[in-house]
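Fold and contact review
Spelled out, the chains give:
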Amino acid sequence: MEPSAPPQDSAQAAAGGGEDTPPLPLNLVVPAMSLAVLLCCTCMAVPLMHLVPLIQGRGISAPEAGSVLFAMMIAAIVGRVAFGQLADMIGAIPAYMTASLWQTVLVFVFTRISDLDLLYLFAPIYGFGYAGVMTGVLVTTRALTPAARRAGATGIILAFGWLGHGLGGYQGGLFYDLTGAYDVSFANAALAGVFNLVVVGSLFAAVRRRRVQPA
């Protein structure tokens, strides 16, 4: 009796294909993932670059504002690992969508909090979830690309991540200069997150359709 083939890991299974048989064509995956990463990193960059001055604008000292950011980043270390484990359990794309939804829903809340104690409570909650985005990007890219083309595809996709960080940080400062407040800057971050979810959700739907198609 022939030995059975080893089961696919959950990340690959959720993506709809095995290591050498990605479920979608590469010329679709790379542009879609590049756009998704541009958008999610635009969202991510705003609190990373503007949280401290936002808090200082509430009358809180620079050292205390910096400690809030530090608390957020410490929680992000745990979140990065946790979302990797989540991807093992539910699949790469669902884990990426979960992290993206987390940061999209919560990012604007920073503009509504003035109390330092609440910021110390909220920032780690946000940080835990937002950290899963880059984990999701990496495992989703792995799941949707063939091994022979993965390195180049990953490089292109991550380059758009850096572009998103620059765009998010720039627009955050620009709209603060124009309005004298951070509301529009953080609202734009949330909007970028919504568009990211549309792109990633469309990828997930395309994978699901491909999986149910008859051979």
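So, here is what we can say about the structure in this document. In this text the structure is predicted, and so the values were computed from the model without any measurement.

A full pass over the atoms with the stated rule returns nine aromatic pairs. When the ring of Y126 is compared with that of Y130, the centres are 5.5 Å apart and the planes differ by 15°; the resulting orientation is stacked. In this pair, Y126 and Y130 both sit in helix 5 (residues 116-130), four residues apart, roughly one turn of the helix. Each member of the pair Y126 and Y130 is classed as buried. Arranged with centres 6.0 Å apart and planes meeting at 85°, the rings of Y182 and F186 form a pair that is edge-to-face. The buried category is assigned to Y182, whose relative accessible area is 9%. Exposure remark for F186: the relative accessible area of 0% places this residue in the buried category. Taken together, the ring pairs connect F110, F122, Y126, Y130, Y176, Y182 and F186 into an aromatic cluster.

This next bit is on the side chain of H165. Assignment of secondary structure puts H165 in helix 7 (residues 150-179). The residues touching H165, leaving out its near neighbours within four places in the chain, are C41, M44, A45, L48 and M49.

About the thresholds
- Residues numbered from 1 in each chain as written.
- Predicted model: local features only at pLDDT ≥ 70, side-chain atom pairs only at ≥ 80, totals over all residues.
- Heavy atoms only, no water.
- Phe/Tyr/Trp six-rings, centres within 6.5 Å; stacked < 30°, edge-to-face > 60°.
- Helix = DSSP H or I, 4+ residues; strand = E, 2+ residues; numbered from the N terminus.
- Buried < 20%, exposed > 50% of the residue type's maximum accessible area, 1.4 Å probe, protein only.
- Contact = heavy atoms within 4.5 Å.

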